[in-house]
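Architecture at a glance
As a plain string of letters, each chain reads:
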Amino acid sequence: MWKQTIVAVLLICVGSIVFAKPQRPLDDAAFQQWLQQVIAPKAKAAGIRPATLKHLESLTLNHRIIQQDRRQAEFVLSFWQYYTRTVTPERIEKGRQLLARYQPILDQVTAQTGVPGRFLIAYWGMETRYGGFTGTTPVLQALATLAYEGRREKFFTRELIAALKVLQNNRFPPEQLKGSWAGAMGQMQFMPSNYLHYGQDGDGDGKVDLWQSMADAFLSAGYFLQRLGWRPGETWGREVQLTASFKRYELADGLQRRSLDEWAKLGVRRADGNPLPKGEMMAALYLPMGKEGPAFLLYHNFYVIKKWNRSDYYAVAVGRLADRIIGGPPLHKKPPADPQPLPRARLKAIQHKLNALGYNAGKVDGIFGHRSRAALRQWQQDHGEIPDGFPSEQTWWRLHETETAVQR
Ligand code: CA
């Protein structure tokens, strides 16, 4: 659940190299020495007993993980690309079957935590394709290697000690602790500290087993969401339609909240064209692909999902997958003519240009976050464009022309 992903950025191989702070020798003798001198005393102080500490002795460095961590590249997907890769017909169909199969367990979890079963199934589908891929990397080795490598030493040291506690509390054999190369574990890909804090024993066998026991995995996910602030009886959001009378694109930043009644007055309708439900429920309007793409109203629980994974795309995918699993319709909005995102270089050029024109687009990094979108929105407003804050090819050309005009 703790993720390498930030907003629309998927971390895959190839790309910029980030060097570690402490340059420790990458050999097993030095690694072992560090484990015994630095990690063991910390773990002992945190309550890890000698029998569990022994598992550190057999650890070796995993060079593949070091390479992976240093080669974190960032491939940007557009919302549409991300959505069609995650909310697939297969995942929807399988989710429906699993929702039916696990209904009794899920009903209990909902009674205890307030989180409906469809969301728990959707998380499961998103995190591990319903258990199809929970990871094969030994977690102690992964976390120890990443802590030793040093780029995020504090974080991974904490997770390593948490993993030892998980092992100790549940009397697992160490080979059971397998996960992603960054240490996320089990059906729902919990990081060890979350496993420790939020893991629940759903089947009452005295262990929290997030690999083998779906009762444990579902209750843990439900409990985690409850603790993150899930509101029972509310959903995540909905796809909506912006009518021709809708003019307030500057409000559609996914952050500013207004009541459903206010949105209705501004020209927002249900995706099928019917009026929005009446009420004071607060929602933000989000246009992940600008004025040409789909539109969503986001409720409180959307932001709870985002605490699990900070990506807006991820949170929409979880919500939509949950809806589709219980028979909700496909997106009303048709696919865009060009689902490709602008290349990083072009996004950088837009950020650079906005900064040069006096609009604060923030760091020129090709990641078009909230600040860049706000700057673009302001520029669009000042130049009579629809202020959707979405960087398109046309945006680029209009910006380009503006600068030329100024230079003249
Ligand atoms: Ca259990």
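Counting starts from 1 at the beginning of each chain's written sequence and moves along it residue by residue. Since the coordinates come from a predicted model, pLDDT governs what is reported: local features require at least 70, and pairs of side-chain atoms require 80 or more to be given and counted, while whole-chain, interface and lining totals use all residues. Side-chain measures here rest on the full set of heavy atoms in the structure, leaving out hydrogens and waters.

Before going further, it helps to examine unusual backbone geometry. One non-glycine residue, arginine 171, lies in the positive phi region at around 50°. Here a helix means four or more residues in a row that DSSP labels H or I, a strand means two or more in a row labelled E, and each is numbered from the N terminus. Along the polypeptide, arginine 171 turns up in the loop between helix 9 (153–170) and strand 4 (178–179). A positive phi angle, close to 55°, is found at glutamine 189, a residue other than glycine. Structurally, the position occupied by glutamine 189 is in the loop between strand 4 and helix 10 (192–198).

Listed donors are limited to N, O and S atoms within 2.8 Å of the metal, widened to 3.2 Å for Na, K and Ca; water is not among them, so incomplete-looking sites are possible. Around the calcium ion, the protein contributes the donor atoms Asp201 (OD), Asp203 (OD), Asp205 (OD), Lys207 (O), Asp216 (OD) and Asp216 (OD), which lie 2.3 to 2.8 Å from the metal centre. For four-coordinate sites, all angles between 85 and 135 degrees define a tetrahedron; for four- and six-coordinate sites, opposite donors beyond 155 degrees with the remaining angles between 65 and 115 define square planar and octahedral shapes respectively, and all other cases count as irregular. One can describe the donor arrangement at the calcium ion as irregular, given that its six donor atoms subtend angles of 51 to 162° at the metal. In primary-sequence terms, the residues that donate to the calcium ion follow D-x1-D-x1-D-x1-K-x8-D. The classification of residues rests on relative accessible area computed with a 1.4 Å probe and restricted to protein chains. Under 20% of the type maximum is buried, over 50% is exposed, and intermediate values are partly exposed. Using a relative accessible area of 46% as the deciding quantity, one classes aspartate 205 as partly exposed. When its relative accessible area of 25% is taken as the criterion, lysine 207 is described as partly exposed.

Further remarks concern the pattern of salt bridges. Oppositely charged side chains can pair when the atoms bearing their charge come close. Counted as salt bridges are all cases of a side-chain nitrogen of Lys or Arg within 4 Å of a carboxyl oxygen of Asp or Glu. Following the criterion strictly, the structure yields 15 salt bridges and no others. As a salt-bridge pair, glutamate 393 and arginine 346 come within 2.6 Å of each other at their nearest N and O atoms. Placement of the pair is glutamate 393 in helix 17 (residues 393–407) and arginine 346 in helix 15 (residues 344–356), with a sequence separation of 47 residues.

Planes of paired rings set the category: under 30 degrees apart is stacked, over 60 is edge-to-face and the rest tilted, where pairs are Phe, Tyr or Trp rings (Trp by its six-membered ring) whose centres lie within 6.5 Å. Across all of its chains, the model carries 26 aromatic pairs by this definition. Ring centres of tryptophan 236 and phenylalanine 296 lie 6.1 Å apart, and the angle between their planes is 50°; on these two criteria the pair is classed as tilted. Linking tryptophan 236 in the loop between helix 11 (214–228) and strand 5 (237–242) with phenylalanine 296 in strand 9 (residues 295–298), this pair joins segments that are 60 residues apart in sequence. We note that tryptophan 236, like phenylalanine 296, is buried. Measuring from ring centre to ring centre gives 5.1 Å for phenylalanine 246 and tyrosine 249, while their planes differ by 80°; the resulting arrangement is edge-to-face.

Further remarks concern the packing of helix 6 (residues 103–113) against helix 7 (residues 117–128). In helix packing, the relevant descriptors are the interaxial angle and the interaxial distance, both defined with respect to the helix axes. Interaxial angle, 0 to 180 degrees, is taken between N-to-C directions of lines fitted to C-alpha atoms, where a helix line uses only the stretch in contact. The interhelical angle for the contact between helix 6 and helix 7, taken along N-to-C directions, is 110°, at an axis separation of 9 Å. Considered as vectors, helix 6 and helix 7 are oriented roughly perpendicular to each other. In this structure, helix 6 contributes Leu106, Val109 and Thr110 to the contact, and helix 7 contributes Gly117, Leu120 and Ile121. Throughout, the ten residues Ala, Val, Leu, Ile, Met, Phe, Trp, Tyr, Cys and Pro are labelled nonpolar, Asp, Glu, Lys and Arg are labelled charged, and all others, Gly among them, are labelled polar. Of the residues assigned to the contact of helix 6 with helix 7, the class counts are four nonpolar, two polar and no charged. Note on terminology: angles under 35 degrees are roughly parallel, angles over 145 are roughly antiparallel, angles of 65 to 115 are roughly perpendicular, and the others are oblique. Here a residue-residue contact requires only that any non-hydrogen atoms of the pair lie within 4.5 Å.

Attention now goes to the environment of phenylalanine 155. The topology assignment puts phenylalanine 155 in helix 9. Assessed through its relative accessible area of 16%, phenylalanine 155 is described here as buried. Linking phenylalanine 155 and threonine 137, residues 18 residues apart in sequence, is a C-alpha distance of 18 Å.

What follows deals with helix 8 (residues 139–149). Since there are 3.6 residues in each turn of an α-helix, residues three or four apart along the chain are aligned in direction. Extensive coverage of helix 8 is indicated by the burial of 11 of its 11 residues. All of the buried residues along helix 8 are Val139, Leu140, Gln141, Ala142, Leu143, Ala144, Thr145, Leu146, Ala147, Tyr148 and Glu149. Where helix 8 terminates, the next one or two residues include glycine 150, which has phi positive at roughly 100°.

With that out of the way, let us pick up the side chain of arginine 91. Examined against the element boundaries, arginine 91 turns out to sit in helix 5 (residues 89–101). Positive charges are assigned to Lys and Arg, negative charges to Asp and Glu, while His and the chain termini are left out of the count. With no salt bridge to any partner, buried arginine 91 finds its closest opposite charge in glutamate 90, at an N-O distance of 7.4 Å. Within 3.5 Å is the distance limit for a polar contact, defined as a pair of N or O atoms, with the added protein rule that one can donate a hydrogen and the other accept it, and that residues adjacent in sequence qualify only through two side-chain atoms. Among the polar contacts listed, one links the side chain of arginine 91 to the backbone oxygen of glycine 125, at a separation of 3.4 Å. Dropping the residues within four chain positions of it, arginine 91 is found in contact with Arg85, Thr86, Gly125, Met126, Arg129, Tyr130 and Leu321.

Turning next to the pairing of strand 5. Should DSSP find at least two bridges between two strands, the strands are taken to pair. Note: strand 5 against strand 9, four bridges, orientation antiparallel. The partner of glycine 237 across the bridge, within strand 9, is leucine 298. By the bridge criterion, three bridges tie strand 5 to strand 7 (residues 268–270) in an arrangement that is antiparallel. Note that in strand 7 the partner of glutamine 241 across the bridge is arginine 269.

Moving on: the nonpolar core. Formed by 95 residues in total, the largest nonpolar core has its most connected members in Ile121, Trp124, Leu177, Met188, Tyr195, Phe218 and Trp308. Element by element, the count of residues in this core is highest for helix 14 (residues 312–325), at nine residues. If you look at the next biggest cluster of nonpolar residues, it comprises 16 residues, including Tyr249, Leu251, Val268 and Leu287. In this description, a nonpolar core means a group of buried Ala, Val, Leu, Ile, Met, Phe, Trp, Tyr and Cys residues linked to one another through side-chain atoms lying within 4.5 Å.

So, on to the sheet that holds strand 6 (residues 253–259). The strands that make up a sheet pair up through hydrogen bonds in the backbone, lying either parallel or antiparallel. Spatially, 6-8-9-5-7 is the arrangement adopted by the five strands of the open sheet, whose pairing is antiparallel. If you trace the sheet from one side to the other, it starts and ends with strand 6 and strand 7, each paired once. For this sheet, the mean inter-axis angle between neighbouring strands, taken without regard to orientation, is 40°. Here three bridges tie strand 8 (residues 282–286) to strand 9, and the two strands are oriented antiparallel to one another.

It is at 10 Å that the axes of helix 7 and helix 11 come closest, and there the two elements cross at 105°. Classified by the interaxial angle, the pair formed by helix 7 and helix 11 is roughly perpendicular. Here Leu120, Ile121, Tyr123 and Trp124 of helix 7 lie close against helix 11, whose contacting residues are Met214, Phe218, Ala221, Gly222 and Leu225. For the contact of helix 7 with helix 11, the class distribution of residues is eight nonpolar, one polar and no charged.

With that settled, consider helix 16 (residues 370–382). Take the residue count of a helix, subtract one, and multiply by 1.5 Å to get its expected span. With 13 residues, helix 16 extends 18 Å between its outermost C-alpha atoms, agreeing within 8% with the 18 Å of an ideal straight helix rising 1.5 Å per residue. Three or more residues of helix 16 are buried, namely Ser372, Arg373, Ala375, Leu376, Arg377, Trp379 and Gln380. Where helix 16 ends, the next residue or the one after it, glycine 384, has phi of about 70°, a positive value.

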